[in-house]
Amino acid sequence: MWEEQNNALYRKFVFADFSEAFAFMVRVAFEAEKMNHHPKWTNTWNTVEIWLNTHDSGHKVTENDHKLAARIDAVA
Ligand SMILES: C[C@H](O)[C@H](O)[C@H]1CNC2=NC(N)=NC(=O)C2=N1
């Protein structure tokens, strides 16, 4: 589930291994490009952590962040 913390939507995704995690990141990258809205994220082996906010709006959580979060859930 996404949590709101420090003006960002945050969620941690854990996969079976690095291949699954990286394939997810590729799917997210294409969704992000389509929206021109991009995640801040980290990857450590099978784990991807994502923070979403809108720097163009003073680093606040906006509708675009909720929209990208929903698209990320759909490709997870
Ligand atoms: C110029 C371009 O539209 C902006 O820099 C976009 C690109 N991707 C972005 N991604 C996110 N998460 N927030 C933004 O404010 C943002 N702005």
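Above this text sits the structure in question.
All figures in this text were calculated on a predicted structure; none of them were measured in a lab.

Chemist: Can you walk me through the sheet that holds strand β2 (residues 8-14) in this structure?
Modeler: Sheet strands line up and pair through hydrogen bonds in the backbone, either parallel or antiparallel. If you walk across this open sheet you meet the four strands as β1-β2-β4-β3, and the pairing is antiparallel. Two strands close off the open sheet at either side, each with one partner strand: β1 (3-5) and β3 (40-44). The mean inter-strand angle of the sheet, taken between neighbouring strand axes irrespective of direction, is 25 degrees. Of the strand pairs in this sheet, β1 and β2 are connected by three bridges, and their pairing is antiparallel. Residue pairing for β2: Glu3 is matched across the bridge by Tyr10. The strands touched by helix α1 (residues 18-35) within the sheet are β2, β3 and β4 (47-52), with β3 carrying the most contacts at an inclination of about 165 degrees. Helix α2 (residues 63-75) rests against β2 and β4 of the sheet, and its axis sits at about 10 degrees to β2.

Chemist: Sorry, what's going on with the site of the ligand here?
Modeler: Every residue close to the ligand is listed here: Asn36, His37, His38, Asn53, Thr54, His55 and Asp56. Between the ligand and the protein, one listed contact pairs an oxygen atom with a side-chain N or O atom of Asn36 at 2.8 Å. Taking His38, its main chain carries an N or O atom lying 2.8 Å from a nitrogen atom of the ligand. For the ligand, the accessible surface in isolation is 400 Å², of which the surrounding protein chains cover 69%. Taken together, the residues that form the shell around the ligand break down as no nonpolar, six polar and one charged.

Analysis parameters
- Residues numbered from 1 in each chain as written.
- Predicted model: local features only at pLDDT ≥ 70, side-chain atom pairs only at ≥ 80, totals over all residues.
- Heavy atoms only, no water.
- Pairing = 2+ DSSP bridges.
- Helix = DSSP H or I, 4+ residues; strand = E, 2+ residues; numbered from the N terminus.
- Axes fitted to C-alpha atoms, helices over the stretch in contact; angles between N-to-C directions.
- Contact = heavy atoms within 4.5 Å.
- Near = heavy atom within 4 Å.
- Polar contact = N/O pair within 3.5 Å; in protein donor to acceptor, adjacent residues only side chain to side chain.
- Areas by Shrake-Rupley, 256 points an atom, 1.4 Å probe, with all protein chains shown as cover.
- Nonpolar A, V, L, I, M, F, W, Y, C, P; charged D, E, K, R; others polar.

Coordinates in, geometry out; function isn't part of it.
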